[in-house]
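# Residue-level structure breakdown
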Amino acid sequence: MNLVSIRVITDDIARLVAFYERVTGVPADWATEDFAEIRTSAATLAIGSTRTVPLFAPGSAEPAANRSVIIEFLVDDVDAIYRDLAGFIDEADFVNEPTTMPWGNRALLFRDPDGNLVNFFTPVTDAALAKFGRPSGE
């Protein structure tokens, strides 16, 4: 079994897709006007319009209601990304500035336009670098 994607449901798919294209630098692949994907080498962030919810089960997903999931992206330099995003993301939407966590990742936590938590992180300790397959000093 492989985890292939996380899907976020939104009332404003154009806005949310544009946000993720900007923060990741990855262009979206649009399947329809109601569904797009931000594909990385490791996983995919799928973004669906609320109009897709009835295809699964009416009322089964609600946009902008998540308070438990963090969407995480491994990045080369979280500090440089923070500087780049500082003028794009509202200051109030930054949950923290880049901070080195006890498990060895330097992390930047912010909210997307729907309030979902997003974590950009860079491994910085030897253990974290080894976990993510990066040699020390890379």
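Keep in mind that what you see is a predicted model, and the values were worked out from it rather than measured. (Residues numbered from 1 in each chain as written. Predicted model: local features only at pLDDT ≥ 70, side-chain atom pairs only at ≥ 80, totals over all residues. Heavy atoms only, no water.)

## Brief notes about the pattern of salt bridges
Heads up, the condition is: Here, a salt bridge means any side-chain nitrogen of Lys or Arg that lies within 4 Å of a carboxyl oxygen of Asp or Glu. Helix numbering and strand numbering both begin at the N terminus, where a helix is a DSSP run of H or I of at least 4 residues and a strand a DSSP run of E of at least 2. Residue burial is assigned from relative accessible area. The probe radius is 1.4 Å, only protein chains are included, and a residue is buried under 20% of its type maximum, exposed over 50%, and partly exposed in between.
This model, assessed by the stated rule, comprises six salt bridges. Arg51 is paired through a salt bridge with Asp34; the nearest N and O atoms lie 2.4 Å apart. Residue Arg51 is found in the loop between β4 (44-49) and α2 (53-56), and its partner Asp34 is found in the loop between β2 (29-32) and β3 (35-39); the two are separated by 17 residues along the sequence. Note on Arg51: relative accessible area 53%, which makes it exposed. Asp34 gets classed as buried once you look at its relative accessible area, which sits at 15%. Close ionic contact of Arg39 with Glu37 constitutes a salt bridge, the shortest N to O distance being 2.5 Å. Each member of the salt-bridge network shares a partner with another, and the members are Asp29, Glu37 and Arg39.

## Brief notes about the pairing of strand β8 (residues 117-123)
Using the following cut-off: Two strands pair under a simple rule: DSSP has to find at least two bridges between them.
Most of β8 is tucked away, with seven of its seven residues classed as buried. Burial along β8 is two-sided: Leu117, Asn119, Phe121 and Pro123 and Val118, Phe120 and Thr122, pointing in opposite directions, are all buried. The pairing of strand β5 (residues 70-74) with β8 spans five bridges and is parallel. When the sheet's bridge partners are listed, Ile70 is paired in β8 with Leu117.

## Overview of helix α3 (residues 78-85)
To be explicit about the condition: What the arc measures is the spread of directions leading from the helix axis to the C-beta atoms. Contacts are assigned to residue pairs with any non-hydrogen atoms lying within 4.5 Å of each other. Under the rule applied, a polar contact is a pair of N or O atoms within 3.5 Å (in protein, one hydrogen donor and one hydrogen acceptor; residues adjacent in sequence only if both atoms are side-chain atoms).
Looking at α3, one finds that the buried residues are Val78, Tyr82 and Leu85. Projected down its long axis, α3 carries its buried residues within an arc of 75°, all on one side. For α3, the secondary structure elements touched by its buried residues are α1 (13-24), β6 (94-100), β7 (105-111) and β8. The opening residue of α3, the one whose side-chain oxygen lies 3.1 Å from the backbone nitrogen of Asp79, is Asp77.

## Digging into the layout of surface pockets
Operational definition: The definitions used throughout rest on a 1 Å grid laid over the protein atoms alone, on which a cavity is an enclosed set of points accommodating a 1.4 Å probe that cannot get out and a pocket is an open set flanked by protein within 12 Å on both sides along at least five of seven lines; lining residues are those having an atom within 4 Å of a point. Grid points are joined across faces, edges and corners, and a volume is the space filled by probe spheres set on the points. Three residue categories are used. Nonpolar comprises Ala, Val, Leu, Ile, Met, Phe, Trp, Tyr, Cys and Pro, charged comprises Asp, Glu, Lys and Arg, and polar comprises the others, including Gly.
Looking at the largest pocket, its volume works out to about 580 Å³. Along its surface, the largest pocket is lined by 22 residues, and Thr40, Ala43, Glu72, Phe73 and Leu74 are the ones closest to its centre. Sorting the residues of the lining of the largest pocket by element identifies β1 (5-10), α1, β4 and β5 as the ones contributing at least two each. A total of five residues in the lining of the largest pocket trace back to one element, the largest contributor, which is β5. Taken together, the residues of the lining of the largest pocket break down into 16 nonpolar, five polar and one charged.

## Concerning the pairing of β3
The element β3 is extensively covered by neighbouring structure, given that four of its five residues are classed as buried. Examined bridge by bridge, β2 and β3 share three bridges and lie antiparallel to one another. Directly across from Asp29, in β3, lies its bridge partner Glu37. Here β2 hands over to β3 after two residues, the two strands then running antiparallel side by side. Sheet topology places β3 next to β4; five bridges connect them, and they run antiparallel. When the sheet's bridge partners are listed, Phe35 is paired in β4 with Gly48. Where β3 hands over to β4, the hairpin turn is made up of four residues, counted between the paired strands.

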